Amino acid sequence: MNSPDQHRSLKLTIPQSSRSPGLMLFPRDGGCVLYDPIEGNIQTNLGDFPGCRFLANSGNWLLVLDSGSNLYIIDVFSKETIPLPSLESIESADCIVKRVGDREFIRDESGAIYKDLSADVVRGLLWVSESGKEYVVLWLFDLPGHSYMSFCKNGDSHYTDIPLVFDDYAFHKDDGLSDMVLCGTRLYVSTSRRFVRVFDLSGPQGFFKDITGQIPFPMLSHHDYAYDSSIAVTTSSGEVLLVESDPSSRTWFRLYKKDPDVEDPDHACHTVTEVHSLGGEALLLDLGFAVPANKALGIEPDSIYFTRHFRPCHCSPRDLDICVYNLATKTLHRYHNLNKMDLMDARWFLPSGN
């Protein structure tokens, strides 16, 4: 799916970290604490953040939506804060977003009025460079059938819309959203029919380009709608992976890659082949990409670091289950000492080098 040039660009944007992964924990009574999974203890309180929702993380940075529905990103260690454009600051030829309260919005798309849009259903993605000087923020109202997502980069004064629904039937396989991964300025979108689209978000304000190629490829397994599924991106090959798990007991994970022998993917019901190794990498599924493993730092090879399944546009609650699954041994390690904490959310993260 990725050309050699695209893959080289991808490897530059995904952190090649030599630091140990940690856990950011978000207790239900507020705040954010840092948990060391190797030592098994809470290291420090990262802040109180009253009335805030945490939408995404990248390195030391969090994407935060405050009680007044204002977005900002913050380095939880240095406390450097970068305010972002308001949610209604969208540059679009056929769309207007209006705030009708602290947490309510209306979106007018060429006369089609979407009401009852609440800040409670805003979902986002974040990427921040190792230097902390560049960033990409993406957000959407996480509701079934919503037709746009919006993004901005460092220096932008407003958001730019990326359409998710098309009037032309020939593009219906590109409609909708089932999952998304942000790797630097590259956005991977799995559509409602599981076709993978790739967008380049680099360049001047308002720029984005679909670089998928002429034939988007669907990531479909025999069990696609029976199990939880996500997409992820590897650093070793730049491939898009399909990740499945059993939602009832969460005792296993399966990985799939594109099956090159599928001749007619548009009409196939099974387009992937199972893989049993990440090639010496570890997959941080919260972030959607793999990183080089390092046993000395506690980054186990061929392992999947997981906290919750939360697919967009499904209106389902976060299914919190903090664990690490080893593909080689097919064993799963859970952090049972966290069960006593009343957690609202948790996220694996890799500390930044800045």
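Everything numeric in this text was worked out from a predicted model, so none of it was measured.

Under the defined criterion, the tally for this structure stands at 13 aromatic pairs. When the ring of Phe253 is compared with that of Phe306, the centres are 5.3 Å apart and the planes differ by 65 degrees; the resulting orientation is edge-to-face. Note that Phe253 is positioned in strand 23 (residues 253-258) and Phe306 in strand 27 (residues 303-309), a separation of 53 residues in sequence. An identical accessibility class is assigned to Phe253 and Phe306; each is buried. Taken together, the ring pairs in this structure connect Tyr35, Tyr305, Tyr335 and Trp348 into an aromatic cluster.

Tallied over the full model, the rule gives 10 salt bridges. With a shortest N-O distance of 3.4 Å, Arg197 and Asp210 are connected by a salt bridge. Taken together, the residues span a long stretch of sequence, with Arg197 in strand 18 (residues 195-200) and Asp210 in strand 19 (residues 209-210) at a distance of 13 residues. On the accessibility criterion, Arg197 (4% relative accessible area) is buried. Across the pair Asp345 and Arg347 runs a salt bridge, and its minimum N-O distance is 3.6 Å. Taking relative accessible area as the criterion, Asp345 reaches 4% and is therefore assigned buried. Because the salt bridges share partners, they merge into one network encompassing Asp286, Arg308, Asp345 and Arg347.

To continue, consider the confidence of the model for the chain. On average, residues of the chain score 84 in pLDDT, and 88% of them reach the 70 mark or higher. pLDDT under 50 marks residues 1-18. Its contacts with residues more than four places away, or in other chains, come to 41 contacts.

Our focus in this paragraph is the pairing of strand 12 (residues 122-128). Counting buried positions along strand 12 gives seven out of seven residues, so the element sits mostly inside the fold. Neither face of strand 12 is exposed, since Val122, Gly124, Leu126 and Val128 on one face and Arg123, Leu125 and Trp127 on the opposite face are all buried. As paired elements, strand 12 and strand 13 (residues 135-141) share seven bridges and run antiparallel to each other. If you follow Trp127 over to strand 13, its bridge partner there is Val136.

This part takes up the sheet that holds strand 7 (residues 81-83). The antiparallel open sheet is built from four strands, whose spatial order is 4-5-6-7. Whereas interior strands pair on both sides, the edge strands pair on one side only; in this sheet they are strand 4 (53-58) and strand 7. With strand direction ignored, the average angle separating the axes of adjacent strands in the sheet is 20 degrees.

Summary: where empty space remains is shown by rolling a probe the size of a single water molecule over the atoms. Applying the stated rule across the entire model yields two cavities of 30 Å³ or more. Taken as a whole, the largest cavity encloses approximately 50 Å³ of empty space. What lines the largest cavity is a set of 10 residues, among which Ser178, Ser190, Arg194, Ser229 and Leu242 lie closest to the centre. The leading source of residues in the lining of the largest cavity is strand 21 (residues 228-233), at three residues. Here the residues of the lining of the largest cavity sort into three nonpolar, four polar and three charged.

Calculation notes
- In this numbering scheme, every chain counts its residues from 1 along its sequence in written order.
- Selection of residues for local features in this predicted model requires a pLDDT of at least 70, selection of side-chain atom pairs for listing and counting requires 80 or more, and totals for whole chains, interfaces and linings are taken over all residues.
- With hydrogens and water excluded, all non-hydrogen atoms of the structure serve as input to the side-chain values.
- Each Phe, Tyr or Trp ring (for Trp, its six-membered ring) is paired with any other whose centre lies within 6.5 Å, and the angle between the two planes then decides the class: stacked below 30 degrees, edge-to-face above 60, tilted in between.
- Numbering of helices and strands starts at the N terminus; helices are DSSP runs of H or I of at least 4 residues and strands are runs of E of at least 2.
- Only protein chains enter the accessibility calculation, which uses a 1.4 Å probe. A residue is then buried if its area is under 20% of the maximum for its type, exposed if over 50%, and partly exposed in between.
- Counted as salt bridges are all cases of a side-chain nitrogen of Lys or Arg within 4 Å of a carboxyl oxygen of Asp or Glu.
- You can read pLDDT as the predictor saying how much it trusts each residue, on a scale of 0 to 100.
- Residues count as neighbours in contact if any of their non-hydrogen atoms are within 4.5 Å of one another.
- The pairing criterion for strands is at least two bridges between them, as found by DSSP.
- Angular values range over 0 to 180 degrees, each being the angle between N-to-C directions of two axes fitted as lines to C-alpha atoms, with helices fitted over their stretch in contact.
- In this analysis a 1.4 Å probe is tested at points of a 1 Å grid over the protein atoms alone, and where it fits but cannot get out there is a cavity; an open set with protein on both sides within 12 Å along at least five of seven lines is a pocket; lining residues have an atom within 4 Å of a point.
- Grid points are joined across faces, edges and corners, and a volume is the space filled by probe spheres set on the points.
- Polarity classes work like this: nonpolar for Ala, Val, Leu, Ile, Met, Phe, Trp, Tyr, Cys and Pro, charged for Asp, Glu, Lys and Arg, and polar for all others, with Gly in that last group.

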